[in-house]
Amino acid sequence: MALYDIFNISGSALTAQSTRLNVTASNLANAETVSGSPETAYRARQPVFAAELQAARGGLQAPGGQGGGGVQLRGIVESDAPVQPLYQPEHPEADADGYVYRSNVNTVEEMVNMISASRSYQNNVEVMTTSRDLLLQTLQLGQ
Amino acid sequence: MTLSLDKALGPAADALQLHERRTQLLAENIANADTPNYKARDLDFRAAMRQAAGDGGLALNRTSAGHLTPPGSSVGNPTPQYRVPANPSLDGNTVELDQERGRFAESTVNYQASLQFLGSRFTGLINALRRE
């Protein structure tokens, strides 16, 4: 039943999107943190999505063995954007020159990310609800 | 005379399977709306249905068990086609979410229609078999 596969497919998408939401929450929470050196400053993280292998193989897959073209979470990468030095000699973390280093989180970008992730999450929940209804109707076939 | 259930049920059973497969593909598209380089796919329902009705041109003959099955040879697994996007995004993703959602809704309604049709075929069969 192809409809059963939808639960796996949309489920993987839900996992991916909630990870994205999680990472965004972590980024937003650390947007204002400062650190004593550029190396230890917080860097924005982003999840990397990839389509699961079977989807890419397309028509070559064996009949009947049509499985999920779900979303795979490849990993989480850190942003390479430069961290911003702030001159704050009175700060306890300041280095010898009186600078602290602010995280490179772009708050606007993260807000957009958050909205996009929650919309995608909603879409997939809706897909799952619809397929569940269809399956329940199918079970009543012939009654 | 034997009763062939396949014949009695007509094309609604094939249609149901195809709608199911199409719904799955559209769900895949929606799930991968944010995946870079994902290419949206869909079924040509008309062509698949024609194939299911046995009008798909010449079929390949498999003379050995080791031969690969030609793609799209069975009713439940026709070859999906890649969509031509109107506005491809920069990351290579060709899912257009609004359209996919519309198609998903359309596909589920079609599924329900086939389901209801199949259900009424069953009711008709049961009525015909029942001794009054």
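Computed from a prediction, not measured in an experiment: that's the story for all the values here.

Caption draft 1: Here's a closer look at the overall build of chain B. In terms of regular secondary structure, chain B is built from four helices and two strands. Counted from the first residue to the last, chain B has its helices and strands arranged as α-α-β-α-β-α. Going through the 132 residues of chain B one by one, you find that 39% of them count as buried. Here the contacts in chain B between residues at least 6 apart in sequence split such that 77% fall between residues at least 24 apart. Entry remark: accessible area of chain B is about 7900 Å², with carbon and sulfur atoms responsible for 54%.

Caption draft 2: Region of the structure containing the nonpolar core. Counting residues in each nonpolar core, the largest one holds 17 residues, and the members touching the most others are Leu3(A), Val127(A), Phe104(B) and Tyr111(B). Mapped onto this core, the elements with two or more residues apiece are helix H1 (2-29) and helix H3 (107-139) of chain A together with helix H1 (5-9), helix H2 (12-31) and helix H4 (97-129) of chain B. Here Tyr111(B) is in contact with Leu3(A), Leu134(A), Thr138(A), Leu16(B), His19(B) and Glu20(B), once residues within four sequence places are set aside.

Caption draft 3: The arrangement of the packing of H2(B) against H4(B) in detail. Residues and elements named next belong to chain B. In the contact formed by H2 and H4, the axes pass within 9 Å of each other and the chain directions differ by 160 degrees. One element, H2, and the other, H4, form an angle in the roughly antiparallel class. As for how H2 packs across H4, the hand of that crossing is left-handed. For the contact of H2 with H4, the residue count by class is 13 nonpolar, seven polar and six charged.

Caption draft 4: Quick look at the UniProt feature "domain: Flagellar basal-body/hook protein C-terminal" (unreviewed entry) in chain A. Following the UniProt record, one finds the feature "domain: Flagellar basal-body/hook protein C-terminal" (unreviewed entry) at residues 97-141 of chain A. Structurally, residues 97-141 of chain A is divided into 73% helix and 9% strand, and its ends, taken at the C-alpha atoms, are 76 Å apart.

Caption draft 5: Local environment of unusual backbone geometry. Its identity is not glycine, yet Asn37(B) carries a phi of approximately 70 degrees, on the positive side. Along the chain, Asn37(B) turns up in the loop between H2 and strand E1 (41-42).

Caption draft 6: How the structure looks around the UniProt feature "domain: Flagellar basal body rod protein N-terminal" (unreviewed entry) in chain A. Sequence positions flagged by UniProt for "domain: Flagellar basal body rod protein N-terminal" (unreviewed entry) are, in local numbering, residues 8-34 of chain A. Helix makes up 81% of residues 8-34 of chain A and strand 4%. Its end C-alpha atoms lie 41 Å apart.

What counts and how
- Each residue is numbered by its place in its chain's sequence as written, counting from 1.
- To read the labels, note that chains go from A and ligands from 1, taken in the order they are written.
- The predicted nature of this model means local features are confined to residues of pLDDT at least 70 and side-chain atom pairs, given and counted, to a pLDDT of 80 or more, with totals for whole chains, interfaces and linings taken over all residues.
- For the side-chain quantities, the full set of heavy atoms in the structure was used; hydrogens and water were omitted.
- Secondary structure follows DSSP: runs of H or I at least 4 residues long count as helices, runs of E at least 2 residues long count as strands, and numbering of each begins at the N terminus.
- Each residue's exposure class comes from its accessible area (1.4 Å probe, protein chains only) as a fraction of the maximum for that residue type: buried when under 20%, exposed when over 50%, partly exposed otherwise.
- Contacts: residue pairs with any heavy atoms within 4.5 Å of one another.
- Throughout, the Shrake-Rupley method with a 1.4 Å probe supplies accessible areas, and for residues the shown protein chains are the sole cover considered.
- Among the buried residues, those of types Ala, Val, Leu, Ile, Met, Phe, Trp, Tyr and Cys that are joined through side-chain atoms within 4.5 Å form a nonpolar core.
- Note on geometry: axes are lines fitted to C-alpha atoms, helical ones only across the stretch in contact, with angles between N-to-C directions running from 0 to 180 degrees.
- Any angle from 65 to 115 degrees is called roughly perpendicular, while one under 35 is roughly parallel, one over 145 is roughly antiparallel, and all others are oblique.
- Left-handed is the label given to a crossing in which the near helix is rotated counterclockwise from the far helix by less than a right angle, and right-handed is the label when the rotation is clockwise.
- Each residue is assigned to one class: nonpolar for Ala, Val, Leu, Ile, Met, Phe, Trp, Tyr, Cys and Pro, charged for Asp, Glu, Lys and Arg, and polar for all the others, Gly among them.
- UniProt positions are given in the numbering used here, feature names are shortened, and annotations may be inferred rather than shown by experiment.

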